[in-house]
Every structure is written in C-alpha cells, then in structure tokens.
Amino acid sequence: MIEVETTDTAISIQCLSDTFEVRNSLKTLMNDMETRDYLPEERGTVELVLAEVLNNVAEHAYEEMGDGKIELDMAYIPGGISIVLQDFGKPMPNGQTPLGMPANLDVEVDDLPEGGFGWFLIGELAKDLTYVRRGDANHLSFRMSLGE
Amino acid sequence: MELITNDTADTRIVTVIDTRIDAAVAIQFKDAMRAQTEGGPKRVVLDLSEVMFIDSSGLGAVVAAKKLLNGAHTLELAGLTPVVDKVFKLTRMDSVFSIHTNVATAVPALAS
C-alpha cells in the first residue's frame with residue numbers, strides 16, 4: 001500500500017501506520033538516497049531519524065492502529081535534506097514535540113530506561129524542528145545536514 | 001527474529017542473524033533473548049555484527065534484555081556496526097554495556 005513519487009530533487013511517500021509499512025517505506029527512501037550517491041553513514045543517520053518520527057506517528061498519533069495515513073516528503077537541498085511529515089492522528093500532547101532529554105543512566109541495572117530515547121535522538125540529529133496542528137492534521141518539518 | 005547461539009567453556013555467544021532490530025521486531029528480540037540464554041553460561045556476548053540498523057525501540061529491547069538477564073547472566077555486546085555504534089554513543093548507552101570490537105576480542109578462546 002506504499003505509494004511513491006520521485007522527482008529530480010525530492011521523493012514523496014504515502015504509507016500506513018504499520019511497523020512493517022514503515023520499514024518498507026524506510027527501505028524505499030534509503031534506496032532512493034543510494035541512487036543519489038549518499039554515503040552509507042549519511043543514509044544510516046537519516047534512516048534513524050525517519051524511523052523515530054514515523055514510529056512515533058504509528059505508536060502515538062495513531063495509537064498502534066496500523067491503518068492511519070502517513071505522508072512524507074523528503075527534498076534534497078544543498079548540504080542536506082528537508083523533511084515534511086503529515087498524519088491525521090491525535091495531536092502531540094500540549095501541542096508541541098516532547099523535549100527529548102538525555103536519559104539518566106546513573107542507576108542500578110534494573111532501573112535502566114527502556115524507552116524515551118526517540119525524541120532525544122531526533123533532537124540531536126535534526127535541525128529546525130517545527131510542529132503545527134493544522135485542522136485534523138499534524139505537520140512536522142525539519143532539516144538534516146549531510147556531508148559535513 | 002533469528003538468533004544463533006554458540007557456547008565456549010564459560011561464555012554463550014548469541015548472534016543476531018537479522019540485519020535490523022527495530023520497532024517491528026523489538027518485542028520478538030526480547031523474547032528470543034530470554035529463550036536463548038535460559039540455563040546457559042553466565043556470561044553472554046551478543047554479537048551484533050550482522051545488525052546494520054537499530055532504532056530507539058531496538059535499543060530499548062537490548063536494554064530490556066540486559067535487565068532480564070541481570071543476576072543469572074551478564075550481557076556484553078560485540079561487533080557494533082557504524083549506525084548501531086552511533087545510537088549507543090548518542091544515548092550514552094555505550095557507558096552501560098561492555099562493548100567489544102568483535103566476538104574474537106570478546107572471546108579469545110574462540111580464536112585458539
């Protein structure tokens with residue numbers, strides 16, 4: 001159910017909020033980057049951030065229902081990429097993206113955190129992160145610098 | 001989620017055959033780790049050299065496995081590929097695990 005459109009400078013993808021659709025979408029996006037000669041480490045970093053934002057939509061905006069529509073546009077810009085992500089699920093809590101603090105690891109093994117890394121990773125690797133709720137849609141946009 | 005085990009005298013090496021530990025398989029990974037380590041040697045080395053991608057859910061599952069095994073076993077990691085290494089460093093989880101360059105350095109007995 002994945003729909004893909006590519007141009008000289010961008011790729012757009014539509015998929016459902018299912019973890020395997022997300023996986024296949026990531027594969028399609030990474031293949032597109034590979035054909036545009038991005039290096040494995042650059043692709044890996046982009047894949048990580050895209051996995052985090054897409055899985056966040058699947059798990060929280062659509063509450064793991066698996067059938068919510070996700071639209072992702074990735075534009076190739078000088079020095080990196082620009083991403084716009086849209087979904088029609090629940091809004092972010094308090095109308096903003098979570099802060100993504102580094103986890104406290106100075107604890108006993110049994111108390112180590114098993115989650116909460118996602119927004120921290122996004123915050124570390126993405127720039128100009130913007131979230132707006134427009135009508136019944138969530139819009140998330142950000143940039144990533146590549147080739148530095 | 002496929003895991004293969006290989007025992008030396010005092011160490012069980014668990015190798016992840018899949019190339020991804022992500023949100024789609026995080027729970028299976030945790031369950032498979034439990035099944036593959038029960039009753040085995042105390043020291044467990046998780047060989048991640050085939051794993052090209054891990055996301056925050058996958059990282060959470062590796063941490064969950066460490067907690068699950070804690071007491072009866074110790075969990076160490078080996079063979080982190082670049083993206084996996086990056087995720088562990090960024091989240092500082094590299095400070096929580098003993099991390100070896102590869103299985104051969106983690107288990108010298110294997111080489112001889």
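To be clear, the structure that these remarks concern was listed above.
Keep in mind the model is a prediction, meaning the values are calculated, not measured.

Asks: Quick rundown of the overall build of chain A? Include the residues and the values.
Replies: Across its full length, chain A carries 3 helices and 6 strands. Seen in sequence order, chain A has helices and strands lined up from the N terminus as β-β-α-α-β-β-α-β-β. Taken over the C-alpha trace, chain A has a radius of gyration of 16 Å; the compact-globule value for 148 residues is 15 Å, and the two agree within 12%.

Asks: A description of the pairing of strand β5 (residues 127-134) of chain A should follow, citing residues and the corresponding values.
Replies: All names here are of chain A. Among the 8 residues that make up β5, 0 are buried, leaving the element largely open to the surroundings. The pairing of β5 with strand β6 (residues 137-145) spans 6 bridges and is classified as antiparallel. Bridging across to β6, Tyr131 finds its partner in Leu140. The turn linking β5 back onto β6 is made up of 2 residues, and Gly135 within it adopts a positive phi angle of 65 degrees.

Asks: Can you lay out the pairing of strand β2 (residues 11-16) of chain B for me, pointing to particular residues and giving the numbers?
Replies: All names here are of chain B. Buried residues dominate β2, accounting for 6 of its 6 residues. Residue alternation in β2 divides its side chains into two sets, Thr11, Ile13 and Thr15 and Arg12, Val14 and Val16, and both sets are buried. The hairpin turn running from strand β1 (residues 3-7) into β2, its antiparallel successor, is 3 residues long.

Asks: Which residues make up helix α1 (residues 19-35) of chain A, and what values go with them?
Replies: Residues and elements named next belong to chain A. Compared with an ideal rise of 1.5 Å per residue, which puts 17 residues at 24 Å, α1 spans 25 Å between its outermost C-alpha atoms and is within 8% of the ideal. Those residues of α1 hidden inside the fold are in contact with β2 (10-16), α2 (40-61) and β3 (69-77). Immediately downstream of α1, the backbone of Asp37 shows phi near 70 degrees, a positive value.

Asks: Outline the environment of B:Thr101, supporting the account with residue identities and numerical values.
Replies: Tracing the backbone shows B:Thr101 in the loop between β7 (99-100) and α4 (103-106). Along the primary structure B:Thr101 and B:Glu38 are separated by 63 residues, whereas in three dimensions their C-alpha atoms are 25 Å apart.

Asks: Please set out the interface of chain B and chain A residue by residue, giving values where relevant.
Replies: Taken together, the contact between chain B and chain A spans 22 residues of the former and 23 residues of the latter. At the level of secondary structure, the elements contributing two or more residues to the side of chain B that touches chain A comprise α2 (56-69) and α3 (82-90) of chain B. Broken down by element, the side of chain B that touches chain A gets its largest block of residues, 8 residues, from α2(B). Taken together, the residues of the side of chain B that touches chain A sort by class into 11 nonpolar, 6 polar and 5 charged.

Asks: Any chance you could break down the packing of helix α1 (residues 26-37) of chain B against α2(B) for me, citing the residues and the numbers?
Replies: Residue and element names in this part refer to chain B. For the pair α1 and α2, the least separation of the axes is 9 Å and the interaxial angle reads 25 degrees. The angle between the axes of α1 and α2 places the two elements in the roughly parallel class. In the crossing of α1 with α2, the sense of the turn from one axis to the other is right-handed. Contacts from Ala26, Phe29, Lys30, Met33, Arg34 and Thr37 of α1 reach α2 at Ser57, Gly58, Gly60, Ala61, Ala64, Ala65, Leu68 and Leu69. By residue class, the composition of the contact of α1 with α2 is 8 nonpolar, 4 polar and 2 charged.

Asks: Outline unusual backbone geometry, listing residues and values.
Replies: A negative phi angle is the norm for most residues apart from glycine, just as the trans form is the norm for most peptide bonds. Positive phi outside glycine occurs at A:Asp37, with the angle close to 70 degrees. Exposure remark for A:Asp37: the 7 C-beta atoms within 10 Å place this residue in the exposed category.

Asks: Explain the sheet that holds β5(A) to me, and be specific about the residues and the numbers.
Replies: Residues and elements named next belong to chain A. Sheet architecture is open: 6 strands sit in the order β1-β2-β3-β4-β6-β5, paired in antiparallel fashion. Of all strands in the sheet, those bounded by a partner on one side alone are β1 (3-6) and β5. Recorded for the sheet is a direction-independent mean angle of 10 degrees between the axes of neighbouring strands. Pairing geometry for β3 and strand β4 (residues 80-87), over 8 bridges, is antiparallel. Looking at the pairing, Asp73 lines up with Val84 of β4. Most of the contacts of α1 go to β2, to which it runs at about 170 degrees, and overall it touches β1, β2 and β3.

Asks: Would you mind going over α3(B) in detail, with residue names and values included?
Replies: Note: α-helices contain 3.6 residues per turn, so residues at a spacing of three or four share the same orientation. Taken together, the buried positions of α3(B) are B:Val83, B:Val84, B:Lys86, B:Val87 and B:Phe88. Its buried side turned inward, α3(B) meets α2 of chain A together with β5 (53-54) and α2 of chain B. Directly after α3(B), the chain includes B:Arg92, whose backbone phi takes a positive value near 65 degrees.

How each quantity is defined
- Residues numbered from 1 in each chain as written.
- Chains lettered and ligands numbered in written order.
- Predicted model: local features only at pLDDT ≥ 70, side-chain atom pairs only at ≥ 80, totals over all residues.
- Helix = DSSP H or I, 4+ residues; strand = E, 2+ residues; numbered from the N terminus.
- Rg over C-alpha atoms; globule rule 2.2 N^0.38 Å.
- Buried ≥ 20, exposed ≤ 12 C-beta atoms within 10 Å, placed from the backbone.
- Pairing = 2+ DSSP bridges.
- Expected span 1.5 Å × (residues − 1).
- Contact = placed C-beta atoms within 7 Å.
- Nonpolar A, V, L, I, M, F, W, Y, C, P; charged D, E, K, R; others polar.
- Axes fitted to C-alpha atoms, helices over the stretch in contact; angles between N-to-C directions.
- Parallel < 35°, antiparallel > 145°, perpendicular 65-115°, else oblique.
- Left-handed = near helix turned anticlockwise from the far one by under 90°.

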